[in-house]
Structure formats: structure tokens, C-alpha cells
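Each chain, written out:
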Amino acid sequence: MRVLVVTAVAAERDAVVRGAAGDAYGDTAAEPLEIPLPGFALLRPVPVAPGAFPPVVDVLAAGVGPAAAAAGAATALVAAELAGSPYGLVVSAGIGGGFVGAGRGVEGAPVGSLVVSDAIVAADLGAETPEGFLPVTDLGFGTVAHHPPEPLVRAVAEATGARRGTVLTVSTVTGSATRAAELAARHPAALAEAMEGFGVAEAAAAHGVPALELRAVSNPVGPRDRAAWRIGDALTALTGAFRAVSPALAAYAAEKAEAGS
Ligand SMILES: O=C(O)c1cccc(C(=O)CC[C@H]2O[C@@H](n3cnc4c(=O)[nH]cnc43)[C@H](O)[C@@H]2O)c1
């Protein structure tokens, strides 16, 4: 099975590539192959040990936000289909904000932890009304949530130690306690927010391919304090996650092959 991983920025892409190559420490991996696409470039990690990452993984830094993510994912999906080697899974990956506190277990998703999505939800796709926010589905349009296959979510959580929960997609990074509380009240199962997952999932859904989101928490969702973001720690956690996730993806690929889908 071929897996497409979509990140926002190059630092996230490179963290995924290091993990997918089977080298969490970045010192022995061969240079990834670069595959040009119209408007984008894919990196294909070369495994350190043969068979270290059985599925073929392509990693794309598509840009920040759901629109860039959808454009990048759709380009890669179409290119793979036209080449006769379609992807079987698309993963939105990177750093993200973590929700902490009441209703989310003792700690929610603290900085440095991993979150795997059991739902990928567009949190600000809708309309403001005098009575409050209405999702687009309440207006009679489209969708606001994608649900990754449960066995895959479970396997990835077990392999990586990631917490399972809703990952919100926002176009504006939350920067106040009021907005954080509003989102948490509207999405009690939310563990993390980021800016790309829903775009990636929409592109995947259009191609009939399942999507998953995997985030390493770099900052709490709440009052803006950019200087306190622990980006390095989160990128290290992301590399570790992609190193550990190999068996789970391989098992999922084998199951799909057996089921003939
Ligand atoms: O400055 C750097 O070195 C650097 C390295 C890696 C990533 C970044 C980013 O700024 C990535 C932006 C990306 O991060 C997601 N993100 C992270 N925290 C949040 C949040 O609290 N709310 C929403 N999104 C968040 C998001 O997906 C952005 O695309 C910088």
C-alpha cells in the first residue's frame, strides 16, 4: 500500500521523512528521492534497513492552512492515480496545539504528546448567527467531519502512544482563553487543533481514500505565546511517531490486501 503524508512546512516534512526512513536520530538515513509534481515536490524516504517501512511513503509539504493542504493532497492523489499506483491512505501530519483540562482526561493533550484523530473536524466552517455558530451542515451543505477507520486509529495509537481524539482544523490559530473555551465546549472530544487536516481529508474523500491525522503537540490551545511553542520537541516526537508507526501501517495494508480493497 502506498501512503501519502501531507505536512504544512518543510521542517515537519523532514521530521516525518527521518522517522519513515527508520532513523529517528537523523544520522544514517540516505537522502530521500525527490519526485516533482506540478506545483509541489514529493519526498520518498529511503529506508535505512530494507523493509524498515514496508508501505511506500511519500511526504509532501503543501503549505499552511486547509486550502493549501487540499490542493497539495489532491495534486499528489491525481498524479498517483494517473501513474497507475494510487495511494491507499493519506495522513495529515505535523505539529499542533493541544487542548488540556476538564473533560479531556487528567491532562488532555499536553505539550510533547501525540494525538491521533478519531475524527477530523472543520471547526470554523459555517456561519455566525445571533444565536451562535452554525456548521455548514446545518446550512444544508457538505460535511464538517471525516472519520478515519477505527482499526487503523487503534493500531496507530497503540504503536505510537498517541492519545485518540478529535483533531480540529481551524483557519485561525486560537489565541485567547475565550476562543479555546468556546471550541472546547462545542467539541468536547477535541484533543488538538491544527490547520490542515480537514483539507487533506476532503481531498482524500474525493478519491475514496481513507485519511488520518497525526499531530505532535507543540503548544497549548489558548492565549497566544508563540515564544513558548516547543517546536523542536514536537518535531522529535513526530519523527519518533513515524518510526514507530511502520508496523501498524503494514498491518493495515495487509488487512486491506486480504479483504481485496
Ligand atoms: O518555526 C519553525 O521552525 C517551525 C517549524 C515547524 C513548524 C512550524 C509552524 O509554525 C507550523 C505551523 C503549523 O502548525 C500547526 N499548529 C501548531 N500549533 C497550532 C495551534 O495552536 N493551532 C493551530 N495550528 C497549529 C498548524 O497546522 C500550522 O500549519 C514552524
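Below or above, wherever it landed, is the structure these notes cover. (Residues numbered from 1 in each chain as written. Predicted model: local features only at pLDDT ≥ 70, side-chain atom pairs only at ≥ 80, totals over all residues.)

1. Comments concerning the overall build of the protein chain
The helix and strand inventory of the protein chain stands at 7 helices and 12 strands. In terms of overall size, the protein chain behaves like a compact globule, its C-alpha atoms giving a radius of gyration of 17 Å where 261 residues would be expected to give roughly 18 Å. Viewed in the frame of its principal axes, the protein chain has a C-alpha envelope of about 55 × 40 × 35 Å. When each of the 261 residues of the protein chain is scored for burial, the buried share is 48%. (Helix = DSSP H or I, 4+ residues; strand = E, 2+ residues; numbered from the N terminus. Rg over C-alpha atoms; globule rule 2.2 N^0.38 Å. Buried ≥ 20, exposed ≤ 12 C-beta atoms within 10 Å, placed from the backbone.)

2. Topic: the packing of helix H2 (residues 66–82) against helix H5 (residues 197–206)
The description of two packed helices rests on the angle between their axes and on the distance between the axes. Packing of H2 against H5 leaves a shortest axis separation of 7 Å and a crossing angle of 30 degrees. As the angle between them shows, H2 and H5 are arranged roughly parallel. The two elements H2 and H5 cross, and the hand of that crossing is right-handed. Across the interface between the two elements, Pro66, Ala67, Ala69, Ala70, Ala73, Ala74 and Leu77 from H2 touch Phe198, Gly199, Val200, Glu202, Ala203 and Ala204 from H5. Split into classes, the residues belonging to the contact of H2 with H5 amount to 11 nonpolar, 1 polar and 1 charged. (Axes fitted to C-alpha atoms, helices over the stretch in contact; angles between N-to-C directions. Parallel < 35°, antiparallel > 145°, perpendicular 65-115°, else oblique. Left-handed = near helix turned anticlockwise from the far one by under 90°. Contact = placed C-beta atoms within 7 Å. Nonpolar A, V, L, I, M, F, W, Y, C, P; charged D, E, K, R; others polar.)

3. With respect to the site of the ligand
Taken together, 20 residues form the shell around the ligand, and within it Ala8, Ala11, Gly97, Ala194 and Met195 come nearest. Breaking the shell around the ligand down by element, the ones donating at least two residues are helix H1 (10–20), strand E5 (89–98), strand E11 (190–194) and strand E12 (211–220). If one sorts the elements of the shell around the ligand by residue count, E5 sits on top with 4 residues. Looking at the shell around the ligand, its residues break down into 11 nonpolar, 6 polar and 3 charged. (Near = placed C-beta within 6 Å.)

4. Here's the deal with the nonpolar core
A general tendency of soluble globular proteins is for nonpolar side chains to be buried together. If you look at the biggest cluster of nonpolar residues, it comprises 79 residues, and the most contacted ones within it are Leu4, Ala73, Val90, Val156, Val200 and Leu238. Considering every element that reaches this core, the biggest residue donor is strand E6 (residues 114–122), with 7 residues. Here Ala73 is in contact with Leu4, Val6, Ala62, Val90, Val200, Ala203 and Ala204, once residues within four sequence places are set aside. (Core = buried A, V, L, I, M, F, W, Y, C linked by C-beta atoms within 7 Å.)

5. Notes on the pairing of strand E4 (residues 56–61)
Across the 6 residues of E4, 5 count as buried, placing the element largely inside the fold. Pairing of strand E1 (residues 2–7) with E4, which is carried by 6 bridges, proceeds in the parallel orientation. Note that in E4 the partner of Arg2 across the bridge is Val56. Relative to E4, strand E3 (residues 40–44) runs antiparallel, the two sharing 2 bridges. Within E4, the position partnered with Leu42 by the bridge is Leu60. (Pairing = 2+ DSSP bridges.)

6. Structural notes on the environment of Leu191
Note on placement: Leu191 falls in strand E11. Owing to 30 C-beta atoms within 10 Å, Leu191 belongs among the buried residues under this scheme. For the pair Leu191 and Thr172, spaced 19 residues apart in the sequence, the C-alpha separation amounts to 17 Å.

7. Quick look at the environment of Val209
Considering the arrangement of structural elements, one finds Val209 in the loop between H5 and E12. Here Val209 falls in the buried class, since 21 other C-beta atoms lie within 10 Å of it. Sequence spacing of Val209 and Ile95 is 114 residues, and the spatial spacing of their C-alpha atoms is 23 Å. Every residue in contact with Val209, bar those within four places of it in the chain, is listed here: Leu77, Tyr87, Gly88, Leu89, Val90 and Ala204.

8. Describing H1
Burial of H1 is extensive: 9 of the 11 residues sit out of reach of the surface. Of all the residues in H1, the buried ones are Glu12, Arg13, Asp14, Ala15, Val16, Val17, Arg18, Gly19 and Ala20. Where H1 terminates, the next one or two residues include Gly22, which has phi positive at roughly 85 degrees.

9. Overview of H2
Taking 1.5 Å as the rise per residue, H2 with 17 residues should run 24 Å; its terminal C-alpha atoms sit 24 Å apart, in good agreement. Phi turns positive one or two residues past the end of H2, at Gly84, with a value near 80 degrees. (Expected span 1.5 Å × (residues − 1).)

10. Points about the pairing of E1
A regular strand carries its side chains on alternate faces of the sheet. Among the 6 residues that make up E1, 5 are buried, leaving the element largely enclosed by the rest of the structure. Taken together, the 4 bridges between E1 and E5 define a ladder with parallel strand orientation. Within the sheet, the bridge partner assigned to Val5 lies in E5 and is Val91.

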